[in-house]
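Per-entry structural report
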Amino acid sequence: MSVEVRIDTGKISRLLRLRGGRTARKLAERTQRVARIAEREAPGSMGNYITWKVTDGPKGLQGVIVCDHPKVRFVLDGTRPHIIRPRRKKVLRFEIGGREVFAAYVRHPGTKPNPFMARALRQGR
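Read on for an overview of the structure. (Residues numbered from 1 in each chain as written. Predicted model: local features only at pLDDT ≥ 70, side-chain atom pairs only at ≥ 80, totals over all residues. Heavy atoms only, no water.)

It is worth spelling out the side chain of threonine 31 at this point. Tracing the chain through its elements places threonine 31 in helix α2 (residues 22-41). On the basis of relative accessible area, threonine 31 is assigned to the buried category, the value being 7%. Of the polar contacts made by the side chain of threonine 31, one reaches the backbone oxygen of leucine 27; its length is 2.7 Å. (Helix = DSSP H or I, 4+ residues; strand = E, 2+ residues; numbered from the N terminus. Buried < 20%, exposed > 50% of the residue type's maximum accessible area, 1.4 Å probe, protein only. Polar contact = N/O pair within 3.5 Å; in protein donor to acceptor, adjacent residues only side chain to side chain.)

Below, the structure written as structure tokens:
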């Protein structure tokens, strides 16, 4: 008596890529966990702009985390020192130590990069 077993790798890979399958659920759980960490790590209100989803990618399902805050690139990449000038008025107005101060321009020292999305990815593993 002989027994023949055939493994269809195409069917196995399709099974793993099913939308409601176990792999998709695990991927969604992990993506959501990393997104929650990114929300906590994000400065200020930037965490409110973080969303996540599971989509079909070129090699199957992939988890995607997006931050739609308009200033996210400045936070992730940092900024170089630069001069800030008034756009609509003739002078800038701000408070220092409770006193109102006026200036024609300000030398901003720049900011260091804050890679909170990469930190969230490392912590979520």
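Within the secondary structure layout, histidine 69 lies in the loop between β2 (60-67) and α3 (72-77). Within the structure, the side chain of histidine 69 is placed 3.0 Å from the backbone nitrogen of lysine 71, a separation counted as a polar contact.

With that settled, consider the environment of histidine 108. Note on placement: histidine 108 falls in strand β6 (residues 106-108). On the basis of relative accessible area, histidine 108 is assigned to the partly exposed category, the value being 26%. Between the C-alpha atom of histidine 108 and that of histidine 82, which follows or precedes it by 26 residues, the distance is 5.3 Å. Here histidine 108 is in contact with Thr79, Pro81, His82 and Ile84, once residues within four sequence places are set aside. Within the structure, histidine 108 has its side chain in polar contact with the backbone nitrogen of glycine 110 (distance 2.8 Å). (Contact = heavy atoms within 4.5 Å.)

With that out of the way, let us pick up the layout of surface pockets. In this approach the atoms are scanned with a rolling probe the size of a water molecule, which exposes any empty space left behind. Considering only enclosed or pocket space, the largest pocket measures out at about 170 Å³ in volume. Lys71, Phe74, Val75, Thr79, His82, His108, Thr111, Lys112 and Asn114 are the residues that line the largest pocket. For the lining of the largest pocket, the class distribution of residues is 2 nonpolar, 5 polar and 2 charged. (1 Å grid on protein atoms, 1.4 Å probe; cavity = no way out; pocket = protein on both sides within 12 Å on 5 of 7 lines; lining within 4 Å. Points joined across faces, edges and corners; volume = space filled by probe spheres on them. Nonpolar A, V, L, I, M, F, W, Y, C, P; charged D, E, K, R; others polar.)

Counting residues in hydrophobic clusters, the biggest one holds 13 residues, and the most contacted among them are Ala42, Met46, Ile50, Cys67, Val72, Phe116 and Ala120. Only α2, α3 and α4 (116-123) provide two or more residues apiece to this core. Among the elements that make up this core, the one with the highest residue count is α2 (4 residues). Those residues in contact with cysteine 67, other than ones at most four positions away along the chain, are Met46, Tyr49, Ile50, Val72, Phe116 and Met117. (Core = buried A, V, L, I, M, F, W, Y, C linked by side-chain atoms within 4.5 Å.)

Time to look at the packing of α2 against α4. One way to put it is that α2 packs onto α4 with a least axis distance of 8 Å and a crossing angle of 135°. In terms of orientation, α2 and α4 fall into the oblique class. Note on packing geometry: the crossing formed by α2 with α4 is right-handed. Contact residues: α2 offers Val34, Ile37, Ala38 and Glu41, while α4 offers Phe116, Met117, Arg119, Ala120, Leu121 and Gln123. When its residues are assigned to classes, the contact of α2 with α4 shows 7 nonpolar, 1 polar and 2 charged. (Axes fitted to C-alpha atoms, helices over the stretch in contact; angles between N-to-C directions. Parallel < 35°, antiparallel > 145°, perpendicular 65-115°, else oblique. Left-handed = near helix turned anticlockwise from the far one by under 90°.)

Coordinates in, geometry out; function isn't part of it.
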